[in-house]
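Each chain is listed here by its residues.
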Amino acid sequence: MDTSYILNEFAEERELYFNAIAPPIIQTSNFAFSTVDEMRNAFADEYSTYLYSRGLNPTVDMLRKKLAALDGAEDCLVFNSGAAAIFAAVLANVKSGGHIVSVYRPYTWAQRMFDVILPRFNVTTTYIDGRDISNFREAVRPHTSVIYLESPNSWDYKLQDLEAVAVLAKQHHIITICDNSYCTPLYQKPITLGIDLVLQSATKYISGHSDTVAGVLSGGSEMITRIFHSEYMNIGSGISPFSAWLLLRGLRTLPARLDRITVTTMKVIKYLQKHPRVEKVIFPLNENFEQLKLAKKQMTGACGLLTFVMKAQAVEEIEKFCNSLRHILIAVSWGGYESLIIPKCSGITRSNFRAENIEHRMLRLYVGLEDTEYLIEDLEQAFQNC
Ligand SMILES: *Cc1c(COP(=O)(O)O)cnc(C)c1O
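1. Side note on the overall build of the chain
The helix and strand inventory of the chain stands at 14 helices and 12 strands. Computed over C-alpha atoms, the radius of gyration of the chain comes to 22 Å, within 12% of the 21 Å expected from 2.2 N^0.38 for 386 residues, which places it in the range of a compact globule. The long-range fraction of contacts in the chain, counting pairs at least 24 apart against all pairs at least 6 apart in sequence, stands at 71%. Surface accessibility of the chain: about 17,400 Å² in total, with carbon and sulfur atoms responsible for 53%. Between the averaged position of the 38 positive side-chain charges in the chain and that of its 42 negative side-chain charges there is a distance of 5 Å.

As structure tokens, then:
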């Protein structure tokens, strides 16, 4: 299916709603039946009928179909956060006493689940450096049921060879889950590389406008159906029709936004790399990236999110730089229209800052939809101020 077809037409049935170009928001909690027998059939299988919007909803279904098609997956579920998608995917595939192998430092709330919640049920997690496939081989135990991946991650963009991990996991009957938030399905399709479940925070590029929190979980229809009937229905964190509609709107411009951000990002990287106050730029498609070959093999693009290491003796220099920015905002998240920055030092106390620790001098920059010159001028005046 062409991406343009998926984004502009697929799963839309305009004749059902007055040939309106934009789909309606079916903002309802429940659906009526003509007969008791119809209701009985709905109770028997809630994944085939509209009964109650914690389960299926037509606006959400339109979005689900488009997102599954983009991922190259048989089916998908949309949650009201990326964190909920992670929670459901993992919970559906572990049992008491089980074991997970995860890449080092996955997304904060994935790690929190592995470190705080799952140990209460005797589920343990082994963290590994996912750059080397042999680390997976060594970490797998007889009771390992999940391998958790994030490629690239969203701070230093470390990758895993998704195809190789999928082959290894299949030999051991282990479910692979990959966080694909960084690339979006436009730039990487883990399902086609053999990964079982792929998730992304739709809060980021899919929404694209910093106005919705949402998450997508795609996979085979058997797995997704099972998750619908248990974790999805029970956690009750499915996306609302209105938020689903905002994501449908975001999808229309996804390729255009990513294209523009890609061009701007490359120019911003060029500027940063030449700057005397910048020690290093980390970006998965940069010539100096340590896993560039793998990045080129499994990703067709990268954009927006990059990390640079500032030359600084004191934490105050980094703070002054950030505080001096006039247009680039100090904020979490990314993927919207607006450029953002987070310095690593915001996560530690000033007294714990060590200039010799390269990580403490990292800043994560998200390049939004602004003009290149506008952003570079902002960065330049901030550098001159610190
Ligand atoms: C933001 C993010 C998440 C979580 O998504 P929410 O929508 O905030 O719950 C998960 N993984 C990555 C890589 C993210 O950037």
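Still to come is the rest of the account.
2. Some points on the packing of aromatic side chains
Two measures describe an aromatic ring pair: the distance that separates the ring centres and the angle between the ring planes. Using the criterion set out here, one finds 14 aromatic pairs in the structure. Plain terms: the ring middles of Phe228 and Tyr232 are 5.6 Å apart, the flat faces sit at 25 degrees to each other, and that makes the pair stacked. Taken together, the residues Phe228 and Tyr232, both in helix α9 (residues 221–236) and four residues apart, mark about one turn of the helix. Taken together through their ring pairs, the aromatic side chains of Tyr157, Tyr182, Tyr205, Trp334 and Tyr366 make up a single cluster. The lysine or arginine in question, Arg112, covers the ring of Trp109, its NZ or CZ lying 4.5 Å from the ring centre. The ring of Trp155 carries the charged tip of Lys344 above its face, separated from the ring centre by 4.2 Å.

3. Some thoughts on the layout of surface pockets
In this structure, the second largest pocket occupies an estimated 200 Å³ of space. Lining the second largest pocket are 13 residues; nearest its centre among them are Glu13, Leu16, Tyr17, Pro58 and Met62. Split by residue class, the lining of the second largest pocket holds eight nonpolar, one polar and four charged.

4. Some remarks on the domain arrangement of the chain
You can read the domains of the chain as domain 1 (3–252) and domain 2 (254–385). The distance between the C-alpha centroids of domain 1 and domain 2 comes to 28 Å. Domain 1 puts 34 residues into the contact, and the matching count from domain 2 is 40 residues. With both sides pooled, the region where domain 1 packs onto domain 2 buries about 3,100 Å², and carbon together with sulfur makes up 57% of that total. Its largest share of buried area at the contact with domain 2, domain 1 owes to Trp155, Tyr187 and Tyr205, together 30% of the area lost on that side. Run the count over domain 1 and domain 2 and you get three salt bridges. Where Asp161 meets Lys297, a salt bridge forms, and the shortest distance between an N and an O atom there is 3.4 Å. There are 22 residue pairs in polar contact (both at pLDDT 80 or more) connecting domain 1 and domain 2. Mapped by element, the contributors of at least two residues to the side of domain 1 that touches domain 2 are α7 (162–171), α8 (184–187) and α10 (241–252). Per-class residue counts for the side of domain 1 that touches domain 2 are 14 nonpolar, 12 polar and eight charged.

5. Things to note about the environment of Thr28
Summarising the element assignment, Thr28 is placed in the loop between α1 (3–8) and α2 (36–44). Thr28 gets classed as partly exposed once you look at its relative accessible area, which sits at 24%. C-alpha of Thr28 to C-alpha of Ala164: the two residues are 136 residues apart in sequence and 44 Å apart in space. Not counting residues up to four positions away in its chain, the partners in contact with Thr28 are Ser53 and Asn57. Polar contacts involving the side chain of Thr28 include one to the main-chain carbonyl oxygen of Asn30, which spans 2.9 Å.

6. Details of the sheet that holds strand β1 (residues 75–79)
The strand order across the open sheet built from seven strands is β1-β7-β6-β5-β4-β2-β3, with neighbouring strands paired in mixed fashion. Only two strands of the sheet have a single neighbouring strand rather than two, namely β1 and β3 (124–128). With direction set aside, neighbouring strand axes in the sheet form an average angle of 20 degrees. Relative to strand β5 (residues 175–179), strand β4 (residues 144–150) runs parallel, the two sharing five bridges. Bridged to Ile147 within β5 is Thr176. Lying on the sheet, helix α3 (residues 58–71) is in contact with β1, β6 (197–201) and β7 (215–219); it crosses β1 at an angle near 120 degrees. Packed onto the sheet, α9 meets β1, β5, β6 and β7 and runs at close to 30 degrees relative to β1.

Calculation notes
Residues numbered from 1 in each chain as written. Predicted model: local features only at pLDDT ≥ 70, side-chain atom pairs only at ≥ 80, totals over all residues. Heavy atoms only, no water. Helix = DSSP H or I, 4+ residues; strand = E, 2+ residues; numbered from the N terminus. Rg over C-alpha atoms; globule rule 2.2 N^0.38 Å. Contact = heavy atoms within 4.5 Å. Areas by Shrake-Rupley, 256 points an atom, 1.4 Å probe, with all protein chains shown as cover. Lys, Arg positive; Asp, Glu negative; His and termini not counted. Charge placed at Lys NZ, Arg CZ, Asp CG, Glu CD. Phe/Tyr/Trp six-rings, centres within 6.5 Å; stacked < 30°, edge-to-face > 60°. Lys NZ or Arg CZ within 6 Å of the ring centre and 35° of its normal. 1 Å grid on protein atoms, 1.4 Å probe; cavity = no way out; pocket = protein on both sides within 12 Å on 5 of 7 lines; lining within 4 Å. Points joined across faces, edges and corners; volume = space filled by probe spheres on them. Nonpolar A, V, L, I, M, F, W, Y, C, P; charged D, E, K, R; others polar. Domains from an automatic or database assignment. Buried area = accessible area lost by both parts, 1.4 Å probe. Salt bridge = Lys/Arg side-chain N within 4 Å of Asp/Glu carboxyl O. Polar contact = N/O pair within 3.5 Å; in protein donor to acceptor, adjacent residues only side chain to side chain. Buried < 20%, exposed > 50% of the residue type's maximum accessible area, 1.4 Å probe, protein only. Pairing = 2+ DSSP bridges. Axes fitted to C-alpha atoms, helices over the stretch in contact; angles between N-to-C directions.

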